[in-house]
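Chains, contacts and geometry: an overview
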Amino acid sequence: MSELNELYQEMILDHNKNPRNFHAIENADHVAEGYNPLCGDRLNLYLQMKGDQIQDIGFQGSGCAISKSSASMMTTGVKGKTKQEALLLFQNFHKMLSGPTNAGFDLKLLGKLAVFSGVSEYPTRVKCATLAWHTLKAALGKRGQAVTTEDNV
Amino acid sequence: MKARGKMAHSKGENELTPPAPLRIRGEFSRYPRGVGGVNDVSGSALCPSSLDVKRLRQDFPILRQKIYGKPLVYLDNAATTQKPLWVIDVLNQYYSDENANIHRGIHFLSERATQDYEAARGKVQRFIHAKEVCEIVFVRGTTEAINLVAQSFGRTFLKAGDEILISAMEHHSNIVPWQMLCEQMGAKLRVIPINKKGELLLEEYERLLNARTKLVSIVHVSNALGTVNPVQKMIQMAHAKGIPVLVDGAQAVAHLKVDVQVLDADFYVFSGHKIYGPTGIGVLYGKKERLEKMPPYQGGGDMISRVTFEKTLYLDYIRSVGLEAIAVHEKDLVTYGVKLLLSVPTLRLVGEPSDRAGIVSFVFDLVHAHDVGTVLDRAGVALRAGHHCTMPLMDFLGVPATVRASFALYNTRSEIDVMVEALGHVTEIFG
């Protein structure tokens, strides 16, 4: 069972058990719904922007430990960042999950999000980890747009 | 994959000489090793049933492999069953020696393939005890069979305002074709509700049957919960009002003895790959008087029949092992499994039907089914975690997904022990 520790790192388990920013934001100005039709995971994302900056962010929904903790850590990671900074994080996060190790992503930039690197060993779970990020991208792009993991990045 | 290498085992041995035919035409020269011959009682230690499971397991080469260094425990049989060597060999032989288009060529191979194809039809007829051989239509699978009835029967006999009746525990394959048809015809899809145990509410069903109902389409055995529906009684109830019934037997035929004449089903559909046969082949049974009134479903060469492979020897495999014995064995496994599962802390069964086939679904209060699936996978246990293509049912039960163990003739009690032990790690990791 020790191989499972690579996937389910302590930090992931903690965010799964105690997700941060796990709430709706009443006066959110950007919202989006994320949905993974393969496993039925759903996620609602709420953003409050100040110009180009993510001032507040919250999420609600149900999903596996990977999808929930990824959403939780994403919210803590992008709060206070600009739209461009957030999208750059996603780009790096996505590269880390889909490519072999060190395939052109900035580990330093990813910071704590690097705990998800083990997910790349589980191809079926990559979409769990990226659902929240796809949803964030949609929320930043357009108001109220629904997105699924089947859409292109 | 390891399995592929193993499946090719016979090829190396026969490199210089062509493989000997496995059978005499229309007969079988090989029988499942688990039945007949010297009776090895060691199997009874695995399970108190009349099946010699230990020997039967040798018929399935894929079961010999290890996953992450652990013996494969295959409990995803409701998705697809593994194939006995017998079936694999026959497929190999067909493409090596006999491949030809049916109902076409006047050459030897084509004529022989046509004969085999028609013989296979007879075999299916006997397997489900259809009255006539012409009542067996080969299709690609359950889904195509349902679509065929929806488009051919449905578009002929349905008009705006009519109703099709399905149940709340249907697979998407028995929902979407009817939704499409209803949209096309301005008809209405109505749904028989279920209780929390996962059983159909027959009083509601009775109430829903009315003069506008043109067809009832119900699942025989629920793929998500294992519920065995009282289809014979339901068919009687529908027929009393002159309404025909289609039964989705995808999860039933490998586990229960199905007699379409006793059931009096108007249509009965199933897939080959869930009963130890190859993928891409399925059966639509339809009463002759129904089929005769249905226009062709697809235009093209050999209309309606779209099979790519004509062998149905897997039916002989099942028959020689004995469906009754298989049913007893699987009942034992599921009873044993349910008992053990109930002892796992924070685990909750989803659906507790009084009549259950070899399928059991469960969830953990605080752990998502996919995480459970991953933990089990690392223990070598293959099973399904998800919504099982029954999203309306999952919504009703208030769970996004379940973990599902489904049993076949080759599973053992000790495999269930392995699964339950691995489930113990779930709360360890996520607790």
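Residues numbered from 1 in each chain as written. Chains lettered and ligands numbered in written order. Predicted model: local features only at pLDDT ≥ 70, side-chain atom pairs only at ≥ 80, totals over all residues. Heavy atoms only, no water.

Quick notes on the overall build of chain B
The following threshold applies: Runs of E in the DSSP output that reach at least two residues are strands. Runs of H or I that reach at least four are helices, and both are numbered from the N terminus. The rule is simple: take the accessible area with a 1.4 Å probe, protein chains only, and divide by the maximum for that residue type; under 20% is buried, over 50% is exposed, in between is partly exposed. In this analysis, two residues are considered to be in contact whenever any of their non-hydrogen atoms come within 4.5 Å of each other. Residue exposure ignores everything except the shown protein chains as possible cover, and the areas themselves are Shrake-Rupley values with a 1.4 Å probe.
Along its length, chain B carries 17 helices and 15 strands. Scored against the burial criterion, the 431 residues of chain B give a buried share of 58%. When contacts within chain B are restricted to residue pairs at least 6 apart in sequence, those whose partners lie at least 24 apart make up 72%. Carbon and sulfur atoms make up 56% of the accessible area of chain B, which amounts to about 17,600 Å² in all.

Concerning the domain arrangement of chain B
Size of an interface, as often reported, equals the accessible area lost when the parts are brought together. Residue and element names in this part refer to chain B. Rules: Note: domain ranges come from an automatic or database domain assignment. Here's the idea: put two parts together, see how much 1.4 Å probe accessible area each one loses, and the total over both is what we call buried area. A side-chain nitrogen of Lys or Arg and a carboxyl oxygen of Asp or Glu constitute a salt bridge if their distance falls within 4 Å. The definition of a polar contact used here is a pair of N or O atoms within 3.5 Å, where within protein one atom must be able to donate a hydrogen and the other to accept one, and adjacent residues in sequence count solely through side-chain atom pairs.
When cut into domains, chain B gives domain 1 (53–84 + 322–430) and domain 2 (99–309). Of the residues lining the interface, 37 residues belong to domain 1; the matching set on domain 2 comes to 32 residues. Here domain 1 meets domain 2 over a buried area of about 2,700 Å², counting both sides, of which 57% is carbon and sulfur. Looking at the side of domain 1 facing domain 2, the largest losses of area belong to Leu323, Leu393 and Phe396, adding up to 21% of the total buried there. Joining domain 1 to domain 2, the criterion identifies zero salt bridges. At the junction of domain 1 with domain 2, the criterion picks out 21 residue pairs in polar contact (both at pLDDT 80 or more). At the level of secondary structure, the elements contributing two or more residues to the side of domain 1 that touches domain 2 comprise helix H14 (323–341), strand E12 (359–364) and helix H16 (391–397). Take the side of domain 1 that touches domain 2: its biggest share by element is six residues, from H16.

Considerations on the interface of chain B and chain A
For the record, the criterion: In this classification, the charged set is Asp, Glu, Lys and Arg, the nonpolar set is Ala, Val, Leu, Ile, Met, Phe, Trp, Tyr, Cys and Pro, and all remaining amino acids, among them Gly, are polar.
Between chain B and chain A, the residue contacts involve 15 residues of the former and 21 residues of the latter. Note on chain B versus chain A: buried area summed over both sides is about 1,500 Å², and carbon and sulfur give 59% of it. At the junction of chain B and chain A, the tally comes to one salt bridge. The closest approach of N and O atoms between Asp371(B) and Arg125(A), which form a salt bridge, is 2.8 Å. Where chain B packs against chain A, one counts eight residue pairs in polar contact (both at pLDDT 80 or more). Counting only elements with at least two residues in the side of chain B that touches chain A, the list comes to helix H15 (369–378) and helix H17 (413–430) of chain B. Sort the elements by how many residues they give to the side of chain B that touches chain A and H15(B) lands first, with five residues. Of the residues in the side of chain B that touches chain A, the class split is six nonpolar, six polar and three charged.

Considerations on the environment of Leu158(B)
All names here are of chain B. Tracing the sequence through the fold places leucine 158 in the loop between helix H7 (142–157) and strand E5 (163–167). Sequence-wise, leucine 158 and threonine 213 are 55 residues apart; in three dimensions their C-alpha atoms are separated by 9.4 Å. With residues near it in sequence (within four places) discarded, leucine 158 still touches Ile164, Leu181, Met185, Ala187 and Lys214.

Description of unusual backbone geometry
All names here are of chain B. Notably, tyrosine 68 is not glycine yet its phi reads approximately 50°, a positive angle. With respect to the secondary-structure elements, tyrosine 68 resides in the loop between strand E1 (66–67) and strand E2 (70–71). On the basis of relative accessibility, which here comes to 40%, the residue tyrosine 68 falls in the partly exposed class.

A look at the packing of aromatic side chains
Rules: Any Phe, Tyr or Trp ring, taking Trp's six-membered ring, that has another such ring centre within 6.5 Å forms a pair; planes under 30 degrees apart are called stacked, those over 60 apart edge-to-face, and the others tilted. In our convention, an over-ring charge means Lys NZ or Arg CZ found within 6 Å of a ring centre and within 35 degrees of that ring's normal.
For the structure shown, the criterion picks out 14 aromatic pairs over all chains. Among the aromatic side chains, those forming a connected cluster through ring pairs are Phe60(B), Trp86(B), Tyr276(B), Tyr317(B) and Tyr410(B). Of note, Arg42(A) hangs over the ring of Tyr35(A), and the distance from its end group to the ring centre comes to 4.2 Å. The cationic tip of Lys196(B) hangs over the ring face of Phe396(B); the distance from NZ or CZ to the ring centre is 4.6 Å.

A look at the sheet that holds strand E10 (residues 282–286) of chain B
Residues and elements named next belong to chain B. Here is the rule: Note on pairing: two strands pair once DSSP finds at least 2 bridges between them. Helix axes are fitted to C-alpha atoms over the stretch in contact, other axes to C-alpha atoms as well, and angles between N-to-C directions run from 0 to 180 degrees.
The seven strands are arranged E4-E10-E9-E8-E7-E5-E6 in an open sheet whose pairing can be described as mixed. Of all the strands in the sheet, just strand E4 (136–139) and strand E6 (188–192) have a single pairing partner and so form its edges. Between one strand axis and the next, the sheet turns through 20° on average, direction left out of account. Pairing of strand E7 (residues 213–219) with strand E8 (residues 245–248), which is carried by four bridges, proceeds in the parallel orientation. Across the sheet, serine 217 pairs through a bridge with leucine 246, a residue of E8. Of the strands in this sheet, E6, E7 and E8 touch helix H10 (residues 231–239), which is tilted by about 160° from E8.

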